[in-house]
Amino acid sequence: MNIEDKVLVIKTATFNDLVRLAVSTIIPPQVTTYLLKFKHRDKIIIGILGVFRDYYKQYGLPIFYYYSFSSNDPMVLDANYVIVYTGEEKYEFSKNPKPGVSLPIITLAEKPPFIPDELT
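All of the points below concern the structure found in this document. Counting restarts for each chain, with residues numbered from 1 along the sequence as it is written. Only residues with pLDDT of at least 70 get local features here, since the model is predicted, and only at 80 or more are side-chain atom pairs given and counted; chain-wide, interface and lining totals rely on the full set of residues. Side-chain metrics in this entry use all non-hydrogen atoms of the structure; hydrogen atoms and water are not considered.

**Some points on the overall build of the protein chain**
Keep this limit in mind: By the criteria applied, helices consist of DSSP H or I runs no shorter than four residues and strands consist of E runs no shorter than two, each listed in order from the N terminus. Each residue gets one of three labels from its accessible area relative to the maximum for its type: buried under 20%, exposed over 50%, partly exposed in between, using a 1.4 Å probe on protein chains only. Two residues form a contact once any of their heavy atoms are found within 4.5 Å. For every accessible area listed, the method is Shrake-Rupley and the probe measures 1.4 Å; residues are considered covered only by the protein chains on display.
Across its full length, the protein chain carries two helices and seven strands. The order of α-helices and β-strands along the protein chain, N terminus first, is β-α-β-β-β-α-β-β-β. In the protein chain, buried positions account for 31% of the 120 residues. When contacts within the protein chain are restricted to residue pairs at least 6 apart in sequence, those whose partners lie at least 24 apart make up 55%. Total accessible area computed for the protein chain in this model is approximately 7600 Å², and 55% of it derives from carbon and sulfur atoms.

**Describing the packing of aromatic side chains**
We apply this condition: Paired rings are identified among Phe, Tyr and Trp, the last through its six-membered ring, by centres lying within 6.5 Å, and are further divided according to the angle between planes into stacked (under 30 degrees), edge-to-face (over 60) and tilted (the rest). Working rule: Lys NZ or Arg CZ, within 6 Å of ring centre, within 35 degrees of ring normal, means a charge sits over the ring.
Applying the stated criterion across every chain yields a total of nine aromatic pairs. Each ring, one from Phe-15 and one from Phe-69, has its centre 5.1 Å from the other, and the planes form 70°; the classification is edge-to-face. You can see Phe-15 sitting in helix H1 (residues 15-24) and its partner Phe-69 sitting in strand S4 (residues 62-70), a full 54 residues away along the chain. Like Phe-15, the residue Phe-69 is buried in the burial classification. For the pair Phe-69 and Phe-93, a centre-to-centre distance of 5.9 Å together with 85° between the ring planes defines the contact as edge-to-face. In this pair, Phe-69 sits in strand S4 while Phe-93 sits in strand S6 (residues 90-94), placing the two residues 24 residues apart along the sequence. The exposure class assigned to Phe-93 is buried, which follows from its relative accessible area of 14%. Pairwise contacts between aromatic rings join Phe-15, Tyr-67, Phe-69, Tyr-91 and Phe-93 into one cluster. The lysine or arginine in question, Lys-11, covers the ring of Tyr-67, its NZ or CZ lying 5.6 Å from the ring centre. Directly above the ring of Tyr-85 sits Lys-90, whose terminal nitrogen or CZ lies 5.3 Å from the centroid.

This is how it looks when you write it as structure tokens:
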């Protein structure tokens, strides 16, 4: 796979930043947004795929925004959803959807080949 076939990876400063980004893509509410989760080396990676829009010649460039967690964090490891509470900047990991915005977490068997190995 050529480097041109890989996505640009951008690590967010906090998981809150990643959650805000994911929630912002839900508008209009009919759009389904999901987070990807996979193990990579000694970390659990959770992220969202996106594309640059209207950025000069980089229009359409795929981006993977992500945040990494310890590989032994049981809350993250067992989570199927991130529940975002409307009206405040608060979230929690959950096995089941709950009231609020439930962002599904899709657990992948392995890191997709289009995501570079250089994740931190």
